[in-house]
Amino acid sequence: MNYSFYMYFTEMLVRDGAQKTAEYARAMGFSSVEMLESIGRDTLIPDIKTAEEIRRVFAEYDLTFACYSVGCDVYGNPASEDALVRHAELAAALGCPYLHHTLKTGLRMTADSPETDAVLEEVTAAAIRIADRAKPLGVTCIYEDQGMYANGIENFGRFYREVHRVCDNTGVCGDFGNILFVDEDPA
């Protein structure tokens, strides 16, 4: 079993540094950690060299980076693609095999919300481009049924089938709670 330090990990890493955070993670019984970033704010790890040093410190405590998650809106935001590839580079430097990123956040549809087909078409094309650029780094892009567009059996299934058909370095992040937002059964 792999127990991963996720909630508040990134904040602690920024506040207390790699050494103290790794000591804490190991003392609490974690075997891995997970970064959580957000597009639209400065990257918390400024460069590859820093990421490699963080990886070295965590390796001393026999801790790995299980996942590197990034919250963003890919829809309507072409700059997010380059930013996500930058995060894939940082994930690779951390020795992290997975880049998990959102596609279109938001939990409610409004009268002025874009049509589902348009959103899914755009985020699918963007996810394919991002995964293609992450592949040479050895990073697999993973997605979850998150937000009102890429959620539920039909919409997430449509998105994922197309992305995975084109890119073999893709996978699913199994969050069973999100599907409840569209009144479907996680089973």
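Criteria and thresholds
- Residues numbered from 1 in each chain as written.
- Predicted model: local features only at pLDDT ≥ 70, side-chain atom pairs only at ≥ 80, totals over all residues.
- Heavy atoms only, no water.
- Salt bridge = Lys/Arg side-chain N within 4 Å of Asp/Glu carboxyl O.
- Buried < 20%, exposed > 50% of the residue type's maximum accessible area, 1.4 Å probe, protein only.
- Helix = DSSP H or I, 4+ residues; strand = E, 2+ residues; numbered from the N terminus.

Asks: Give me the pattern of salt bridges: which residues, what numbers.
Replies: Within the structure shown, the criterion is met by nine salt bridges. The salt bridge partner of Arg 15 is Asp 16, with a shortest N-O separation of 2.9 Å. Classification of Arg 15 by relative accessible area gives exposed; the value is 59%. Here Glu 162 and Arg 165 are joined by a salt bridge, their closest N and O atoms 2.6 Å apart. One end of the pair, Glu 162, and the other, Arg 165, are both in helix 5 (residues 152-166), three residues apart, so they sit about a helical turn from each other. Given the relative accessible area of 61%, Arg 165 is considered exposed. Connected via shared salt-bridge partners are Glu 53, Arg 56 and Glu 60.

Asks: How would you explain the environment of Leu 44 if you had to name every residue and give the values?
Replies: Locating Leu 44 in the fold gives a position in the loop between strand 2 (32-38) and helix 2 (48-60). Residue classification places Leu 44 among the partly exposed positions, given a relative accessible area of 31%. Separated by 30 residues in sequence, Leu 44 and Val 14 have C-alpha atoms that sit 7.0 Å apart.

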